[in-house]
Amino acid sequence: MLLTIDKSSSEPLYQQIYDKIVAGIATRTLRPADPLPTVRTLAVDLDINMHTVHKAYTLLRDDGYITMKGRAGAAVAEPGTHEDDSDAPMQRMLGELHALALAYRARGRSMREFLDDAASQAAHAYGTTTNPVTPLTKAQ
């Protein structure tokens, strides 16, 4: 698994790892039961502290994206097989979406603009967009 991080970014390293693995699962670069590097291996490969990788893996496990089985290591989980039936990850995502909607509104953007931009980003994430504009180059 090729994973890169930006040590100069203001985003925490564990969050970058988390986001990259979730993106890999979403795009099916990582598939259910695919093994992940051990905490130690990934930490060495990225030249970061093992605790940073462990934090990312723990959050991924808690959110149901991966399984961790001691010495057997971490692997991509089957969707919908998370042992905890809690919808906490979904509630957190809805909270983040709400915060984004508030940020759009605070910048003077309309609900229609927010919904259009959200639909565009969703299409991009699901690979159904025909628009060549990428999320990072779209005019603000």
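Residues numbered from 1 in each chain as written. Predicted model: local features only at pLDDT ≥ 70, side-chain atom pairs only at ≥ 80, totals over all residues. Heavy atoms only, no water.

If you check an unreviewed UniProt entry, the protein appears there as GntR family transcriptional regulator from Bifidobacterium pseudolongum subsp. globosum.

Q: Give me the lowdown on the nonpolar core, citing residues and values where you can.
A: In this structure, Ile17, Ile21, Leu36, Val53 and Tyr57 are the most contacted members of the largest nonpolar core, which totals 20 residues. Secondary structure elements with two or more residues in this core: α1 (13–26), α2 (39–46), α3 (50–62) and β2 (74–76). (Core = buried A, V, L, I, M, F, W, Y, C linked by side-chain atoms within 4.5 Å. Buried < 20%, exposed > 50% of the residue type's maximum accessible area, 1.4 Å probe, protein only. Helix = DSSP H or I, 4+ residues; strand = E, 2+ residues; numbered from the N terminus.)

Q: Can you tell me about the confidence of the model for the protein, naming the residues and giving the values?
A: In the predicted model, the protein carries a mean pLDDT of 88, and 86% of its residues have values of at least 70. Within the model, the stretch residues 132–140 combines pLDDT values under 50 with 5 contacts to residues more than four positions away or in other chains. (pLDDT = per-residue confidence, 0-100. Contact = heavy atoms within 4.5 Å.)

Q: So, the packing of α1 against α3: which residues are in play, and what are the values?
A: The N-to-C vectors of α1 and α3 enclose an angle of 45 degrees; their axes lie 8 Å apart at closest approach. With respect to α3, the element α1 is oriented oblique. The handedness of the crossing between α1 and α3 comes out as right-handed. Across the interface between the two elements, Leu13, Tyr14, Ile17, Tyr18, Ile21 and Val22 from α1 touch Thr52, Val53, Lys55, Ala56, Tyr57, Leu59 and Leu60 from α3. (Axes fitted to C-alpha atoms, helices over the stretch in contact; angles between N-to-C directions. Parallel < 35°, antiparallel > 145°, perpendicular 65-115°, else oblique. Left-handed = near helix turned anticlockwise from the far one by under 90°.)

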